[in-house]
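Fold and contact review
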Amino acid sequence: MTENKKMAIIVHSGTLDKLYPVFMLASAGGAMDVDAHLFFTFWGLDALKKGGLENAKLPGVMRVGTGMMKGRIKDANVPTLPALLDLCKEMGTIKIYACSTTMELMKVKEEELIPEVDEIVGAAAFLEIAMDADVQLFI
Amino acid sequence: MDGFNVSERYKVKETLDCKGLYCPMPIVKMKKALKGMAEGEIVKILATDPGSKRDFEAFCRKTGNKLLESSQEDGVFTYIVEKVGP
């Protein structure tokens, strides 16, 4: 992960509608030699808990439509969220950061997180990465 | 031009059938294929995602690989890409 362009995304939501764009951009970026640095903070951290990606739902009242949406995603041959994460890891173009403050606020322990998490960091560490990035997004 | 015959002018190392796949899968699959190929080798991709034309153009511009041909016939896009670089 040296000469690649860099994308920094703050992942603020752990719901299906927000996580899909995150992982689609990360995997498309990986294919284009763009490294994706994802900072999971606040409700985004839910996605990094074991089973979080598998069980992500649509937000609010749309929650009841999650099954239908997942059906459509499957029908369109779009991979599941864990499969997209695997693709990115396989390409070696993704870095997953868990927000340390959120872990305290939400009472999440390190052993509750999926092993794909690269580092537990604070805002300053992520800002340093984001300042050097070519694309910065908040999703 | 002569539609699919266009691609027969090239010595294709691998053909990827991405019909029925949507973004980002066609370019992810192409990236994987290119990884296993040598410089100068050619991959042919068949796709149906209407967004794939702009995606393949952008992919090739940004990664330096060469989009030799892109054509469309009966809703199927054909892309011929030459690997550039290691």
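Quick caveat, the model's predicted, so the values are computed rather than measured.

As for helix H1 (residues 16–31) of chain A
- With 16 residues, H1 of chain A extends 22 Å from end C-alpha to end C-alpha; this agrees with the ideal 22 Å at 1.5 Å per step.
- Of the residues flanking the end of H1 of chain A, it is Asp33 of chain A, one or two places downstream, whose phi is positive at about 60 degrees.

Observations concerning the pattern of salt bridges
- Inspection of every chain in the model, using the stated rule, returns 11 salt bridges over all chains.
- In this structure, Lys18 of chain A and Asp17 of chain A form a salt bridge, with 3.8 Å as the shortest nitrogen-oxygen distance.
- Salt-bridge contacts for Glu41 of chain B lead to Lys13 of chain B; the nearest nitrogen and oxygen are separated by 3.7 Å. Within this pair, whereas Glu41 of chain B is found in the loop between helix H1 (25–35) and strand E2 (42–47), its partner Lys13 of chain B is found in strand E1 (residues 12–18), the two being separated by 28 residues in sequence.
- The exposure class of Glu41 of chain B is partly exposed, given its relative accessible area of 24%.

Comments concerning the nonpolar core
Residue and element names in this part refer to chain A.
- Ranked by size, the top nonpolar core spans 58 residues in total, and within it Phe23 and Leu38 carry the most contacts.
- Residue contributions to this core peak at eight residues, all from H1.
- With near-sequence residues (within four places) excluded, Phe23 lies in contact with Leu38, Phe40, Leu53, Leu81, Leu84, Leu85, Cys88 and Ile94.
- Core analysis: the next-biggest nonpolar cluster, separate from the first, contains nine residues, Phe39, Tyr97, Phe126 and Ala130 among them.

Structural notes on the packing of H1 of chain A against helix H3 (residues 81–91) of chain A
Residue and element names in this part refer to chain A.
- Viewed as axis vectors pointing N to C, H1 and H3 meet at an angle of 25 degrees, and their least axial separation amounts to 9 Å. One way to sum up the angle between H1 and H3 is to call them roughly parallel. As H1 runs across H3, the sense of the crossing is left-handed. Residue-level contacts link Leu16, Leu19, Tyr20, Phe23, Met24, Ala26, Ser27, Gly30 and Ala31 of H1 to Leu81, Leu84, Leu85, Cys88 and Met91 of H3.

A short note on the sheet that holds strand E4 (residues 76–82) of chain B
Residues and elements named next belong to chain B.
- Reading across from one edge, E1-E2-E4-E3 is the order of the four strands in this open sheet, with mixed pairing throughout. Edge positions in the sheet fall to E1 and strand E3 (66–73), since each has one partner strand and no second. Recorded for the sheet is a direction-independent mean angle of 15 degrees between the axes of neighbouring strands.
- Helix-sheet contacts for H1 involve E1, E2 and E4, and the interaxial angle to E1 is about 155 degrees.

Some thoughts on a nonpolar patch on the surface
All names here are of chain A.
- Taken together, the side chains of Phe42, Trp43, Leu105 and Met106 present a nonpolar region at the surface, about 390 Å² in accessible area.
- For Met106, the location among the structural elements is in the loop between helix H4 (100–105) and strand E4 (119–121).
- Owing to a relative accessible area of 30%, Met106 belongs among the partly exposed residues under this scheme.

Procedures and definitions
Residues numbered from 1 in each chain as written. Chains lettered and ligands numbered in written order. Predicted model: local features only at pLDDT ≥ 70, side-chain atom pairs only at ≥ 80, totals over all residues. Heavy atoms only, no water. Helix = DSSP H or I, 4+ residues; strand = E, 2+ residues; numbered from the N terminus. Expected span 1.5 Å × (residues − 1). Salt bridge = Lys/Arg side-chain N within 4 Å of Asp/Glu carboxyl O. Buried < 20%, exposed > 50% of the residue type's maximum accessible area, 1.4 Å probe, protein only. Core = buried A, V, L, I, M, F, W, Y, C linked by side-chain atoms within 4.5 Å. Contact = heavy atoms within 4.5 Å. Axes fitted to C-alpha atoms, helices over the stretch in contact; angles between N-to-C directions. Parallel < 35°, antiparallel > 145°, perpendicular 65-115°, else oblique. Left-handed = near helix turned anticlockwise from the far one by under 90°. Pairing = 2+ DSSP bridges. Patch = residues over 30% accessible without salt bridge, like charges linked within 9 Å, V, L, I, M, F, W, Y side chains within 5 Å. Areas by Shrake-Rupley, 256 points an atom, 1.4 Å probe, with all protein chains shown as cover.

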